[in-house]
Amino acid sequence: QVAVRDRLRIAIQKNGRLSQPARALLGSCGLTWRESPDHLFCHGESAPIDLLLVRDDDIPGLLESGLCDLGIVGRNVLSEYNERASSTCGQVQPSELRGLGFGGCRLSLAIPQAWTWQGAGQLQGKRIATSYPGLLARWLADAGVDAEVVELSGSVEIAPRLGQADAGCDLVSSGATLSANQLKPVEDILYSEAVLAGRSNSLPPVLRDLADTLVRRLDGVLRIRD
Ligand code: PRT
Ligand code: ZN
């Protein structure tokens, strides 16, 4: 267990698609910060609410361990983390508190353009490359299909061309990356956007009050944006 803090700590992506929109959203809630010279930490000035700037993949773990109280992360990353964690018994898993309306994309199954899609059964015995093995394995199990999941940390869309896999399962927004690699999306496994994640029910009272106040302000900002 970590030492009790009296300042709320929010983990957001340091560099990437969600960094600027996440900071802008929190800024709209009236928060201001002083950023450390190494750009890893932002000390809250207008409220005792600090930011930790990290890789997005680290955010669910920081929440689960209690090192951070809230996080802004893609639903894809949070769901994959919880999918894998559910097989081991653990602490309180971080959960989605709010959808934030930016960073929208789909986790889609993609097959070579030359194939005619005939449904999940077509994947029986095939190799599918993905960075989301937990979510893909769950989808395959639900579909009753036995396929080999090839876990890659990136460049999933070139795996079929390289002969490393027969199909892929990756994030898609415009679809341009898939078509540039002669692939086409055929099934959506998850609809994603940036989410506010946390384990607010297990926060100590001072932090819970700060988190509740912030979430109320966030709801106000999100209502106006709609
Ligand atoms: O360094 P760090 O680990 O923090 O960053 P990262 O490289 O893992 O993440 P980043 O910044 O690329 O994405 C952060 C989050 O943005 C993702 O987890 C998603 O929730 C969300 N997001 C939204 C996307 C996309 N849209 C998206 N298009 N993440 C990735 N992509 C990829 C996609 O996989 C494809 O390869 O962008 C490429 C272009 O997409 P098309 O379909 O428009 O061609
Ligand atoms: Zn990442």
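Residues numbered from 1 in each chain as written. Chains lettered and ligands numbered in written order. Predicted model: local features only at pLDDT ≥ 70, side-chain atom pairs only at ≥ 80, totals over all residues.

- If you check an unreviewed UniProt entry, the chain appears there as ATP phosphoribosyltransferase from Solilutibacter tolerans.
- UniProt, in its Catalytic activity (unreviewed entry) section for the chain, records the words "1-(5-phospho-beta-D-ribosyl)-ATP + diphosphate = 5-phospho-alpha-D-ribose 1-diphosphate + ATP".
- Turning to the chain, the UniProt annotation filed under Sequence similarities (unreviewed entry) states: "Belongs to the ATP phosphoribosyltransferase family. Long subfamily." (UniProt positions renumbered as here; feature names shortened; annotations may be inferred.)

As for unusual backbone geometry
Then, number 1: Located in the positive-phi region is S155, a residue other than glycine, with phi close to 50 degrees.
Then, number 2: Topologically, S155 is positioned in the loop between β9 (148-151) and α5 (159-162). (Helix = DSSP H or I, 4+ residues; strand = E, 2+ residues; numbered from the N terminus.)

Side note on the nonpolar core
Then, number 1: Counting 31 residues, the largest nonpolar core has L8, I10, A22, I72, V73, A194 and V195 as the members making the most contacts within it.
Then, number 2: Elements with a contribution of two residues or more to this core: β1 (8-13), α1 (19-28), β4 (49-54), α2 (59-64), β5 (70-74), α3 (75-85), β12 (194-198) and α7 (205-225).
Then, number 3: Apart from residues lying up to four places away in sequence, I72 is in contact with I12, L18, A22, L100, A194 and L196. (Core = buried A, V, L, I, M, F, W, Y, C linked by C-beta atoms within 7 Å. Buried ≥ 20, exposed ≤ 12 C-beta atoms within 10 Å, placed from the backbone. Contact = placed C-beta atoms within 7 Å.)

With respect to the site of ligand 1
Then, number 1: Lining the immediate surroundings of ligand 1 are 22 residues, of which G16, G74, C105, S174 and T177 lie closest.
Then, number 2: Breaking the shell around ligand 1 down by element, the ones donating at least two residues are α3, β10 (167-172) and α6 (176-180).
Then, number 3: Sorting elements by how many residues they give to the shell around ligand 1 places β10 first, with 3 residues.
Then, number 4: Tallied by class, residues from the shell around ligand 1 come to 6 nonpolar, 11 polar and 5 charged. (Near = placed C-beta within 6 Å. Nonpolar A, V, L, I, M, F, W, Y, C, P; charged D, E, K, R; others polar.)

Considering the domain arrangement of the chain
Then, number 1: Split by domain assignment, the chain resolves into domain 1 (8-103 + 195-225) and domain 2 (105-192).
Then, number 2: On a C-alpha basis, the centres of domain 1 and domain 2 stand 29 Å from each other.
Then, number 3: At the interface, 8 residues of domain 1 touch 9 residues of domain 2.
Then, number 4: Broken down by element, the side of domain 1 that touches domain 2 gets its largest block of residues, 6 residues, from α3.
Then, number 5: Broken down by class, the residue content of the side of domain 1 that touches domain 2 amounts to no nonpolar, 4 polar and 4 charged. (Domains from an automatic or database assignment.)

Notes on the sheet that holds β12
Then, number 1: Across the sheet, which stays open at both edges, the 7 strands sit in the order β2-β3-β4-β1-β5-β12-β6 with mixed pairing between neighbours. Two strands lie at the open edges of the sheet, namely β2 (33-35) and β6 (95-99), each paired on one side alone. The mean angle between the axes of side-by-side strands here comes to 25 degrees, regardless of whether they run parallel or antiparallel.
Then, number 2: With 3 bridges connecting them, β2 and strand β3 (residues 41-44) associate as antiparallel partners. Bridged to E35 within β3 is C42. (Pairing = 2+ DSSP bridges. Axes fitted to C-alpha atoms, helices over the stretch in contact; angles between N-to-C directions.)

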